[in-house]
Every structure is written in structure tokens, then in C-alpha cells.
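Listed below are the residues making up each chain.
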Amino acid sequence: MEFQRTRHGYALKLDSGEEIIAALAAFAASQSVRAGMISGLGAVGETELGFFVRETGSYIRRTFSGEHEIGSLTGNFSELDGKPFPHCHIMIAADDFVAYTGHLFRGLVTVTCEIQVVTDPGVLIRVRRPELGFNPLALQR
């Protein structure tokens with residue numbers, strides 16, 4: 001991964017073979033990013049998406065293989081258990097132009113992935129809520 005500081009945050013470039021969520025977490029740890037917005041595009045191969053089922057508090061997971069364009073990668077940075085937590089959703093499509101979207105658990109970059117990060121100097125905290133099946137933000141008023 002390469003990155004460059006910008007006026008409002010960072011520009012990142014992930015190369016073939018890098019995993020998106022792991023790379024974002026490592027970047028955030030190295031730059032002390034604990035609050036921010038994520039936006040990106042590029043191409044992925046093996047990708048694991050999730051759809052959250054509220055009634056069961058769990059995700060339906062599906063893995064996609066083959067080449068896919070990233071139509072949209074969006075998300076945010078927060079902190080969970082004292083560590084950076086990138087929370088991302090993605091929309092991918094293959095050469096049939098059928099789009100799939102969901103929570104991004106894992107995405108392996110094939111060509112490149114270009115990401116803009118808008119940072120905030122503060123910290124957004126997530127709390128563990130096992131009874132909900134996810135870890136929501138704990139916003140202060």
C-alpha cells in the first residue's frame with residue numbers, strides 16, 4: 001500500500017494481492033486514524049460480502065470469485081477495543097454487469113484499489129453488543 005497526505009486526509013493505493021480491510025486497519029493504526037470517511041473504487045477477485053439479518057442478529061455470507069469491478073466502496077473508521085476499525089460496504093460487478101452489494105468482510109485486490117480517506121481529529125468509539133449481533137457506534141451527545 002502507498003498513501004499520500006491530502007488537505008482533508010489521505011489518498012491510498014492498494015496493489016494486487018492486498019486485502020482491503022486488513023490494509024485499511026494497518027493504515028489506520030500506522031497513522032492513528034480513529035475517525036474518518038472511506039470512499040474507493042478499483043477491482044477485486046475473491047470477495048466476501050455479508051447481509052445482516054436483524055431477526056437473527058447474524059450475517060448471511062457469500063464469497064464471490066473471479067474478476068469484479070468495485071462500483072463503490074464506502075465506509076468509516078472508528079475504534080473498537082482500542083484498535084482502529086474500518087467498517088465498509090462495497091458494490092461489485094463482473095462482466096455481466098450484475099451488481100452485488102453488502103458488508104465487506106474481505107476483498108482481495110486484483111488490479112488496484114484507490115481510496116480517499118477524509119479524517120477527523122476525534123475518536124468514534126464502537127461498543128460490543130453481542131445481543132444485537134453487531135458493534136454499534138456509541139455517540140456522545
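See the structure above.
Residues numbered from 1 in each chain as written. Predicted model: local features only at pLDDT ≥ 70, side-chain atom pairs only at ≥ 80, totals over all residues. Heavy atoms only, no water.

Novice: What am I meant to see in unusual backbone geometry here?
Specialist: The bulk of non-glycine residues show a negative phi, and the bulk of peptide bonds are trans. For Ser32, which is not glycine, the phi dihedral falls at a positive 55 degrees. One can find Ser32 in the loop between α1 (20-31) and β3 (36-53). With a relative accessible area of 56%, Ser32 lands in the exposed category. Positive phi values are uncommon outside glycine, yet Phe97 reaches one of about 65 degrees. Looking at where Phe97 falls in the secondary structure, it is placed in the loop between β6 (83-93) and β7 (99-119). Taking relative accessible area as the criterion, Phe97 reaches 75% and is therefore assigned exposed. (Helix = DSSP H or I, 4+ residues; strand = E, 2+ residues; numbered from the N terminus. Buried < 20%, exposed > 50% of the residue type's maximum accessible area, 1.4 Å probe, protein only.)

Novice: I keep staring at the nonpolar core and nothing clicks. Help me out?
Specialist: Soluble globular proteins tend to bury their nonpolar side chains together. One finds Ile20, Leu73 and Ile115 to be the most contacted residues of the largest nonpolar core, which totals 25 residues. The set of elements that each furnish at least two residues to this core consists of β2 (9-15), α1, β3, β5 (68-80), β6 and β7. (Core = buried A, V, L, I, M, F, W, Y, C linked by side-chain atoms within 4.5 Å.)

Novice: Is there a simple way to think about the layout of surface pockets in this case?
Specialist: By rolling a water-sized probe across the atoms, one finds the places where empty space is left. There is about 280 Å³ of room inside the largest pocket. Contributions of two or more residues to the lining of the largest pocket are made by β6 and β7. No other element matches the 4 residues that β6 contributes to the lining of the largest pocket. (1 Å grid on protein atoms, 1.4 Å probe; cavity = no way out; pocket = protein on both sides within 12 Å on 5 of 7 lines; lining within 4 Å. Points joined across faces, edges and corners; volume = space filled by probe spheres on them.)

Novice: Looking at this model, I keep getting lost on the environment of Thr110. Mind explaining?
Specialist: Residue position: Thr110 is located in strand β7. The exposure class assigned to Thr110 is partly exposed, which follows from its relative accessible area of 22%. Measuring from C-alpha to C-alpha, the distance between Thr110 and Phe51 comes to 23 Å, with 59 residues separating the pair along the chain.

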